[in-house]
Amino acid sequence: MHTPPRAHSTLPQTGRALAGLLLLSGVTHLAQLAVYQHEANVLGAAGFGAVYFMIGIAILGRWPAALHLAVVLPTIGGLLGVYRFLFLHTNPFSVWHVVLDLIIVPLAVRLLARPRTEPPGTPSGAPASP
């Protein structure tokens, strides 16, 4: 029996993990509004959270530019998070988000660097059979 080709290959396990971390980071960034109210630095962090959430959805939807955004914006957000923690608002959310950024950015880089010839369903990092 002939099976029609699939429009999209399965998202690698690393891609699903990356999307999940971005979605989690987005939610916890936004949760700061309930904890710390509406100070300027909290609003800025919440804005980053909304963007992270959208990037997570875009990765799940296989939007081509999403991986690039998942490298650039969490790098900027992580640097701003360190600045925020040291100089503006010492809080556990800042530490949590910087730790997430330190995981998110390498995962996104790994996905960008992977060979584009992986067969569908091959976990990221697994060698493709000839």
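Rules behind the numbers
- Going along each chain's sequence as written, the residues are numbered from 1 onward.
- Local features are withheld for residues below a pLDDT of 70 in this predicted model, meaning they are given only at 70 or higher, and side-chain atom pairs are given and counted only at 80 or more; totals for whole chains, interfaces and linings count all residues.
- For side-chain calculations, the full set of non-hydrogen atoms in the structure is used, while hydrogens and water are omitted.
- Each helix corresponds to a stretch of at least 4 residues labelled H or I by DSSP, and each strand to a stretch of at least 2 residues labelled E; elements are numbered beginning at the N terminus.
- Partly exposed residues are those whose accessible area sits between 20% and 50% of the maximum for their type, while under 20% is buried and over 50% is exposed, using a 1.4 Å probe and protein chains only.
- Any N or O atom pair separated by 3.5 Å or less is treated as a polar contact, with the protein-specific requirement of one donor-capable and one acceptor-capable atom, and with residues adjacent in sequence counted only for side-chain atom pairs.
- Contact criterion: two residues are considered in contact whenever any of their non-hydrogen atoms come within 4.5 Å of each other.
- Between rings of Phe, Tyr and Trp, where Trp is taken as its six-membered ring, a pair exists when centres lie within 6.5 Å; planes separated by under 30 degrees are stacked, by over 60 edge-to-face, and by other angles tilted.

Draft legend 1. Representation of the side chain of N91 in the model. By the secondary structure assignment, N91 is in the loop between α3 (66-88) and α4 (92-113). For N91, a relative accessible area of 2% gives the class buried. Among the polar contacts made by the side chain of N91, one reaches the main-chain carbonyl oxygen of H89 at a distance of 2.6 Å.

Draft legend 2. Layout of the environment of H97. Locating H97 in the fold gives a position in helix α4. Residue class for H97 comes out buried when judged on its relative accessible area of 4%. Residues H97 and L24, 73 residues apart in the sequence, show an inter-C-alpha distance of 9.8 Å. Those residues in contact with H97 that sit more than four places away from it in its chain are S25, T28, H29 and Q32.

Draft legend 3. Local environment of the packing of aromatic side chains. This structure, assessed with the given rule, holds three aromatic pairs. Ring geometry for Y36 against F93: centres 5.7 Å apart, planes inclined by 80°, an arrangement best described as edge-to-face. With Y36 in helix α1 (residues 13-36) and F93 in helix α4, this pair connects stretches of sequence that are 57 residues apart. The same class applies to Y36 and to F93, which are both buried.

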